[in-house]
Every structure is written in structure tokens, then in C-alpha cells.
Amino acid sequence: MTKPTTQNIVFIALFAALTFVATTIKIPLPTGAFVHLGNAVLVLSILLLGYTSGSLAGGIGFFLFDLLNGYATEAPYFLIEAFIVGGATYLAFNSFKKHPTRVWQNVVIGLSAGVAKIIMTQIKNTIVQLWVGVPTFDLAFKTALVKLPATFTNVGLTILVVGIVYFPLSQAFSRITKRKI
């Protein structure tokens, strides 16, 4: 691992704050879940900062959001999830040699992150259902499916935002950091 620079620490803090704000701007759903843009910021942070720094930034943003908004028990989970979703994102990013040049490539990257997010959400929600006393795994799994529409919507928004914002943002980021993204 390379020694962290002041610039890298500042970018991690910036993207953590952006993740927090993007998650705070939410549309609640009747299931208790909500739609937000935090996942899109997580994916963008990974594409611009790299796996470790980007996942850390997104994880910190989600962690702080949970702590300050009544979801403190879920905060550690979302820190871990940021690294798992980040891993799927970074694998897809690497498949384009860390330089996607077409919108469809960003869609593939967003879909990779989305599939990981959907799987993680379903696993977490199933475990929560079992924890609260749902008697069988089958029933817990089916009950957990009720919260997935918000996740699918968040995935769709992530794909849309990353597809639109990545190219201009990566150009601006390259000018600021004086390195090619």
C-alpha cells in the first residue's frame, strides 16, 4: 500500500461527504426503504479514487449517514458492504483497463455494482428477518424480497448517473490531480 497523501485524504473526505449528502436526499417508500443517490457516489468514488480509497470514502459516508439518522445498528454493515460492492465495481472497471471510453462500459460497471448491491441487500434482509423471529429461511427470504424494489431503483439511478457523470467528472478530476484517469 502506498503512503497516503494529503490530497488523497482530502478526496476521501470529499467523497465521504458527497456520499453522506447524496444518501440524505432520499425518497421514502412504503416498505421502509428509500431511494437515494449514495450508491452512485460510491461507484464514482471508486472509479476516480481507486478501490481502497473509493470504498473507504463511500463506506464512511454511509456509516455517518446511518449513525446520524437512526440506523446506527446497520452502520457497520454498510461500511463492509461498500467494500464488497466496491470490489465488484473495481473488477468491472479493471475489465476495461481502468479506462472506460463508452457509455455502455459505464453501464456494465454500474450493473456489476448493482448485482453485488442486490445480492448483499437480499442476504442482509433475510438475516434480519431470521433474527427478528421469522420461523423459516424460505419465509424470511420471501419477506426480505419486499424491500428489494428500492434497491432495484437505486441500482437503476446509479447506472444512469454514472453513465452521464463519469466522463466529465473524470476529465475534471484529471485536470485537478494532474494525472490521467
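Structure report, in brief.

Reading the values: rules and limits
Residues numbered from 1 in each chain as written. Predicted model: local features only at pLDDT ≥ 70, side-chain atom pairs only at ≥ 80, totals over all residues. Heavy atoms only, no water. Helix = DSSP H or I, 4+ residues; strand = E, 2+ residues; numbered from the N terminus. Rg over C-alpha atoms; globule rule 2.2 N^0.38 Å. Buried < 20%, exposed > 50% of the residue type's maximum accessible area, 1.4 Å probe, protein only. Contact = heavy atoms within 4.5 Å. Areas by Shrake-Rupley, 256 points an atom, 1.4 Å probe, with all protein chains shown as cover. Expected span 1.5 Å × (residues − 1). 1 Å grid on protein atoms, 1.4 Å probe; cavity = no way out; pocket = protein on both sides within 12 Å on 5 of 7 lines; lining within 4 Å. Points joined across faces, edges and corners; volume = space filled by probe spheres on them. Nonpolar A, V, L, I, M, F, W, Y, C, P; charged D, E, K, R; others polar. Salt bridge = Lys/Arg side-chain N within 4 Å of Asp/Glu carboxyl O. Patch = residues over 30% accessible without salt bridge, like charges linked within 9 Å, V, L, I, M, F, W, Y side chains within 5 Å.

**Describing the overall build of the protein**
On a plain count of helices and strands, the protein comes out with 7 helices and 2 strands. Helices and strands appear in the protein in the N-to-C order α-β-β-α-α-α-α-α-α. Relative to the compact-globule value of 16 Å for 181 residues, the protein shows a C-alpha radius of gyration of 17 Å, a close match. With the principal axes as the frame, the protein shows a C-alpha extent of 55 × 35 × 30 Å. Counting over 181 residues, the protein shows a buried share of 45%. A separation threshold of at least 6 residues defines the contact pool for the protein, and within that pool the share at least 24 residues apart is 64%. Accessible area of the protein: about 9700 Å², with a carbon and sulfur share of 73%.

**As for helix α5 (residues 103-131)**
Spanning 29 residues, α5 covers 41 Å between terminal C-alpha atoms, matching the ideal 42 Å at 1.5 Å per step. In the segment just after α5, Gly-133 is the residue with positive phi, at about 110 degrees.

**Here we look at empty space enclosed by the protein**
For the structure on display, the rule yields 1 cavity of 30 Å³ or more. Estimated volume of the largest cavity: approximately 70 Å³. If you go around the largest cavity, the residues you meet are Asn-39, Leu-42, Val-43, Val-85, Gly-110, Ala-113, Gly-114, Lys-117, Val-155 and Thr-158. Of all the secondary-structure elements, those providing two or more residues to the lining of the largest cavity are α2 (38-49), α5 and α7 (148-177). With 4 residues, α5 is the largest single contributor of residues to the lining of the largest cavity. Broken down by class, the residue content of the lining of the largest cavity amounts to 5 nonpolar, 4 polar and 1 charged.

**Some points on the layout of surface pockets**
In this structure, the largest pocket occupies an estimated 420 Å³ of space. Taken together, 21 residues line the largest pocket, and the ones lying closest to its centre are Ala-33, Phe-34, Glu-74, Phe-78 and Lys-124. Elements represented by at least two residues in the lining of the largest pocket include exactly α3 (51-68), α4 (75-95), α5 and α7. The element best represented in the lining of the largest pocket is α5, accounting for 4 residues. Class assignment for the residues of the lining of the largest pocket results in 7 nonpolar, 8 polar and 6 charged.

**Some words on the pattern of salt bridges**
One pass over the full model with this rule turns up 3 salt bridges. Across the pair Glu-74 and Lys-124 runs a salt bridge whose closest N-O atoms are separated by 3.6 Å. One end of the pair, Glu-74, is in the loop between α3 and α4; the other, Lys-124, is in helix α5, and 50 residues separate them in sequence. By relative accessible area, which is 29% here, Glu-74 ends up partly exposed.

**A short note on a nonpolar patch on the surface**
Taken together, the side chains of Val-115, Ile-119, Ile-123 and Ile-127 define a hydrophobic patch exposed on the protein surface, amounting to about 370 Å² of accessible area. By the element assignment, Ile-127 lies in helix α5.

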